[in-house]
Amino acid sequence: MVSTKGLEKYYLLGTKKIHVLRDINISIPKAQFIVVGGQSGSGKTTLLNIISGIDRATAGDVTVAGESLTSRDEEFLSDFRCNHIGFVFQSYNLVSTLTVAENVAFPMEWTRKPSQEIEARVTELIKTVGLEHRLKHFPSQLSGGEQQRVAFARALANDPELILADEPTGNLDAKNAAKILEVLQLLKSKGKTVIVSTHDLEIRRLADQVIILKDGKLASTDE
Ligand SMILES: Nc1ncnc2c1ncn2[C@@H]1O[C@H](COP(=O)(O)OP(=O)(O)O)[C@@H](O)[C@H]1O
Ligand SMILES: [Mg+2]
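Below: a short report on this structure. (Residues numbered from 1 in each chain as written. Chains lettered and ligands numbered in written order. Predicted model: local features only at pLDDT ≥ 70, side-chain atom pairs only at ≥ 80, totals over all residues.)

**Regarding the overall build of the chain**
Thinking step 1. Scanning the chain for helices and strands turns up seven helices and 10 strands.
Thinking step 2. Against the globule reference of 17 Å for 223 residues, the chain gives a C-alpha radius of gyration of 17 Å, in line with a compact fold.
Thinking step 3. The dimensions of the chain, computed from C-alpha atoms along their principal axes, are 50 × 40 × 35 Å.
Thinking step 4. Taking all 223 residues of the chain together, 40% fall into the buried category. (Helix = DSSP H or I, 4+ residues; strand = E, 2+ residues; numbered from the N terminus. Rg over C-alpha atoms; globule rule 2.2 N^0.38 Å. Buried ≥ 20, exposed ≤ 12 C-beta atoms within 10 Å, placed from the backbone.)

**Digging into the environment of W110**
Thinking step 1. Positionally, W110 belongs in helix α3 (residues 100–110).
Thinking step 2. By C-beta crowding, W110 is classed as partly exposed, having 15 other C-beta atoms within 10 Å.
Thinking step 3. C-alpha of W110 to C-alpha of N158: the two residues are 48 residues apart in sequence and 9.9 Å apart in space.

**A short note on the sheet that holds strand β2 (residues 16–28)**
Thinking step 1. A sheet is described by the order of its strands in space; here four strands give the open sequence β2-β1-β4-β5, paired in antiparallel fashion. Whereas interior strands pair on both sides, the edge strands pair on one side only; in this sheet they are β2 and β5 (67–68).
Thinking step 2. Relative to strand β4 (residues 59–64), strand β1 (residues 2–13) runs antiparallel, the two being bridged by five bridges. Within the sheet, the bridge partner assigned to T4 lies in β4 and is V62. (Pairing = 2+ DSSP bridges.)

**Details of the site of ligand 1**
Thinking step 1. Close to ligand 1 lie Y11, L13, I18, V20, G38, S40, G41, S42, G43, K44, T45 and T46.
Thinking step 2. Of all the secondary structure elements, the ones that give two or more residues to the shell around ligand 1 are β1, β2 and α1 (44–51).
Thinking step 3. Class assignment of the residues belonging to the shell around ligand 1 gives a composition of four nonpolar, seven polar and one charged. (Near = placed C-beta within 6 Å. Nonpolar A, V, L, I, M, F, W, Y, C, P; charged D, E, K, R; others polar.)

**Remarks on the sheet that holds strand β3 (residues 33–37)**
Thinking step 1. Pairing is mixed across the open sheet formed by six strands, whose spatial order is β6-β7-β8-β3-β9-β10. Both outer strands of the open sheet, β6 (85–88) and β10 (217–219), are each paired with one neighbouring strand and no more. On average, each strand axis in the sheet is tilted by 20° relative to the strand beside it, whichever way the strands run.
Thinking step 2. Pairing geometry for β3 and strand β8 (residues 193–197), over four bridges, is parallel. In the strand pairing of β8, V35 is matched with V196.
Thinking step 3. Across the face of the sheet, α1 comes into contact with β3, β7 (162–166), β8 and β9 (209–214) while running at roughly 150° to β8. (Axes fitted to C-alpha atoms, helices over the stretch in contact; angles between N-to-C directions. Contact = placed C-beta atoms within 7 Å.)

**Remarks on α3**
Thinking step 1. For α3, the complete set of buried residues consists of V100, A101, N103, V104, A105, P107 and M108.
Thinking step 2. In the segment just after α3, R112 is the residue with positive phi, at about 55°.

**Description of the packing of α3 against helix α4 (residues 115–128)**
Between two packed helices, both the angle of their axes relative to each other and the distance between the axes serve to describe the pair.
Thinking step 1. Between α3 and α4, the least distance of the axes is 9 Å, while the angle of their chain directions is 125°. Judged by the inter-axis angle, α3 sits oblique to α4. As α3 packs across α4, the resulting crossing turns out to be right-handed. In this structure, α3 uses V100, A101, V104, A105, M108 and E109 to contact α4, whose residues at the interface are I118, R121, V122, L125 and I126.
Thinking step 2. For the contact of α3 with α4, the residue count by class is nine nonpolar, no polar and two charged. (Parallel < 35°, antiparallel > 145°, perpendicular 65-115°, else oblique. Left-handed = near helix turned anticlockwise from the far one by under 90°.)

**What to know about the pairing of β6**
Thinking step 1. In β6, alternate side chains face the same way, and those of I85 and F87 on one face and G86 and V88 on the other are all buried.
Thinking step 2. Pairing between β6 and β7: four bridges, direction parallel. Its bridge partner lying in β7, V88 is registered against A165.

**Some details on the environment of E75**
Thinking step 1. Assignment of secondary structure puts E75 in helix α2 (residues 74–84).
Thinking step 2. Classification of E75 as exposed rests on a count of 8 C-beta atoms within 10 Å.
Thinking step 3. For E75 and Q116, which are 41 residues apart along the polypeptide, the C-alpha to C-alpha distance reads 27 Å.

Shown next, in the form of structure tokens:
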């Protein structure tokens, strides 16, 4: 489902080269649940962003669902993301001027789904994350945990085969984290391919494979 070959990422700050990912080679079969671990600054977010096509590698190749993302233009990448990948950011990234229902509907409107189908799917997804009573609220009227749950519902809108989540429970209280764990369990049981960067041991228990990053390289253990 996802593979990377010789993936490299560095940033240039003036003349200084900041090497963030070094020779990352991973292979993730369909329907696997992958946890990405590693200390803060080890490159987890960068790796997830590159796999999802939000960011580009400096060198090497990324293939998702049989498509190489390496030399694609932005238009292809945003279309591909919208149809095949659900991404949950650490900072939720909901559209502040749209209601909960509108945020969840957004990816389906982008792919021009019929409005009846959109309405039914929004209801189903909001139920999955347990926010039926918040449909008409705006993101600013929700707690962080509730916003994260909306972000999950939005990520699942187009029923993507690959779901990426970047420290989804990092800032959440126990109740909201438990709800997110439930959603992740559901995705695993449905046979979705899931990649989660997290330090959460409850989530790690679901993993078929744990990938540890250390200073931008694959490592065998956390320390
Ligand atoms: N736009 C950027 N410019 C320069 N350095 C960056 C940029 N984005 C991230 N980095 C650096 O890349 C490293 C990895 O960051 P990140 O992928 O966010 O790690 P993690 O998610 O594991 O905390 C960090 O040292 C960070 O400072
Ligand atoms: Mg990060």
